[in-house]
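Close look at the chain arrangement
What follows is each chain in one-letter form.
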Amino acid sequence: MKLRQAMIEDHDRREAFLARLNERKLQEQQDKLPRNCDDEITVDHEDNSEEQKRERQDIQMLKADQ
């Protein structure tokens, strides 16, 4: 039970960190652009490999079992 909770908390912290990192990258890109530029800014997202997809599914199942 404690291992499951630790795995979920670790995953949630990692996801939150990556979200903040992407927000920071987006803000840095926006700051570098001239004020009159209307181009869409995109942030490189981490590659969604099969392993990452399986990890997310595992975490969702663990959360559902709580």
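Scroll up to find the structure.
Right, let's walk through the structure included here. Keep in mind that what you see is a predicted model, and the values were worked out from it rather than measured.

Considerations on the packing of helix H1 (residues 2–32) against helix H2 (residues 50–64)
One can describe the packing of H1 onto H2 by two numbers: an axis separation of 10 Å at closest approach and a directional angle of 130°. With respect to each other, H1 and H2 are oriented oblique. Handedness of the H1/H2 crossing: left-handed. Along the contact surface, H1 presents Arg-4, Met-7, Ile-8, His-11, Asp-12, Arg-14 and Glu-15, while H2 presents Glu-55, Arg-56, Ile-59, Leu-62 and Lys-63. Of the residues in the contact of H1 with H2, the class split is 4 nonpolar, 1 polar and 7 charged.

Points about H2
Note: α-helices contain 3.6 residues per turn, so residues at a spacing of three or four share the same orientation. Here H2 spans 21 Å end to end across 15 residues, near enough to the 21 Å set by a 1.5 Å rise per residue. Burial in H2 covers these residues: Gln-52, Ile-59 and Leu-62. What you see down the axis of H2 is that its buried residues fit within an arc of 80°, all on one side. Those residues of H2 that are exposed and aimed more than 90 degrees away from the buried face are Glu-50, Gln-60, Met-61 and Ala-64. Considering only its buried residues, H2 is in contact with H1.

Section: the side chain of His-11
With respect to the element layout, His-11 can be found in helix H1. When neighbours within four sequence positions are excluded, His-11 is seen to be in contact with Glu-55, Arg-56 and Ile-59.

A look at H1
Taking 1.5 Å of rise per residue, 31 residues should cover 45 Å, and H1 covers 45 Å from first to last C-alpha, within 8% of that figure. Among all positions in H1, only Ile-8, His-11 and Asn-22 are buried. Check the buried side of H1 and you find it contacts H2.

Parameters and conventions
Residues numbered from 1 in each chain as written. Predicted model: local features only at pLDDT ≥ 70, side-chain atom pairs only at ≥ 80, totals over all residues. Heavy atoms only, no water. Axes fitted to C-alpha atoms, helices over the stretch in contact; angles between N-to-C directions. Helix = DSSP H or I, 4+ residues; strand = E, 2+ residues; numbered from the N terminus. Parallel < 35°, antiparallel > 145°, perpendicular 65-115°, else oblique. Left-handed = near helix turned anticlockwise from the far one by under 90°. Contact = heavy atoms within 4.5 Å. Nonpolar A, V, L, I, M, F, W, Y, C, P; charged D, E, K, R; others polar. Expected span 1.5 Å × (residues − 1). Buried < 20%, exposed > 50% of the residue type's maximum accessible area, 1.4 Å probe, protein only. Arc of directions from axis to C-beta.

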